[in-house]
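Structural overview for review
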Amino acid sequence: MATGDPILAVGTTKTLEASGASCADAAVVQADDATYTLSSDAANWADAEFVLVGAWATATGIEGKKVHLMARPLDVQSTNDTEVPEAARPTHFVGSFSPNGVTSTQYMVIDGLYAQDLPRKADYYLSNATGQTLSAGWSLYVTPRNIIPST
């Protein structure tokens, strides 16, 4: 590899939620352990990888369905924030996770592997569209990423 060739760089993973509350089908739940801020958490990199760790007590019918990740941009005009996401109004859609039809714990990366053009500062929410309740204890992680020149 020559100096200046593009390489993938990743930052430090941040836990947005360590043990989330259960989330019924068609409901929204916040990953409320931490806010993600590009300037302090991501070296101002606007792309990131998200991982959802979770389980369902009933796996019937969840395969082929989605858990959507939504952002609530914060401080968009001075200290004013956007509205809290709702299932029918996502505020800022980030991407989706595709669960498998099993009841064991699953480690799901966001569809497409990573999300692009994230808000400068945001809280993150899950919208469950699987037809079953996402069990309590789920976790959500974010890892900033960027393509940079090699040295």
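Residues numbered from 1 in each chain as written. Predicted model: local features only at pLDDT ≥ 70, side-chain atom pairs only at ≥ 80, totals over all residues. Heavy atoms only, no water.

**Considering the side chain of Arg72**
For clarity, the cut-off: Note on conventions: DSSP H or I runs of at least 4 residues are helices, E runs of at least 2 residues are strands, and numbering of each starts at the N terminus. The buried label goes to any residue with under 20% of its type's maximum accessible area, the exposed label to any with over 50%, and the partly exposed label to all in between, with areas taken from a 1.4 Å probe on protein chains only. The sign given to each residue is positive for Lys and Arg and negative for Asp and Glu; His and the chain ends receive no count. When a carboxyl oxygen of Asp or Glu lies within 4 Å of a side-chain nitrogen of Lys or Arg, that pair is called a salt bridge. Any two residues whose heavy atoms approach within 4.5 Å at even a single point are treated as in contact.
In this structure, Arg72 sits in strand S5 (residues 66–73). One buried charged residue, Arg72, forms no salt bridge at all, with the nearest opposite charge on Asp81 at 4.2 Å. Contacts of Arg72, omitting those with residues within four sequence positions, involve Asp81, Thr82, Glu83, Val84, Pro85, Thr91, Lys121, Ala122, Asp123 and Tyr125.

**Considering unusual backbone geometry**
Its identity is not glycine, yet Thr91 carries a phi of approximately 65°, on the positive side. Counting through the fold element by element, Thr91 comes out in the loop between S5 and strand S6 (92–97). The phi torsion at Leu113 lies on the positive side, around 75°, for a residue other than glycine. Inspection of the secondary structure assignment puts Leu113 in the loop between strand S7 (106–109) and strand S8 (121–129).

**Here's the deal with the packing of aromatic side chains**
To describe a pair of aromatic rings, you give the distance between the ring centres and the angle between the ring planes. What counts here: Planes of paired rings set the category: under 30 degrees apart is stacked, over 60 is edge-to-face and the rest tilted, where pairs are Phe, Tyr or Trp rings (Trp by its six-membered ring) whose centres lie within 6.5 Å.
With the rule as written, the count across this model stands at two aromatic pairs. Relative to Tyr124, the ring of Tyr36 has its centre 6.4 Å away and its plane inclined at 65°; by these criteria the two rings are edge-to-face. With Tyr36 in strand S3 (residues 28–37) and Tyr124 in strand S8, the pair connects residues that are 88 residues apart, well separated along the chain. There is no split in this pair, since Tyr36 and Tyr124 are both buried. Considering the side-chain rings of Phe50 and Tyr124, the 5.4 Å spacing of their centres and the 45° angle between planes classify their relative orientation as tilted. One end of the pair, Phe50, is in strand S4 (residues 47–54); the other, Tyr124, is in strand S8, with 74 residues separating them in the sequence. Side by side, Phe50 and Tyr124 carry an identical accessibility label, which is buried. Each member of the aromatic cluster is reached from another via a ring pair, and the members are Tyr36, Phe50 and Tyr124.

Function-wise, these values are silent; they only describe arrangement.
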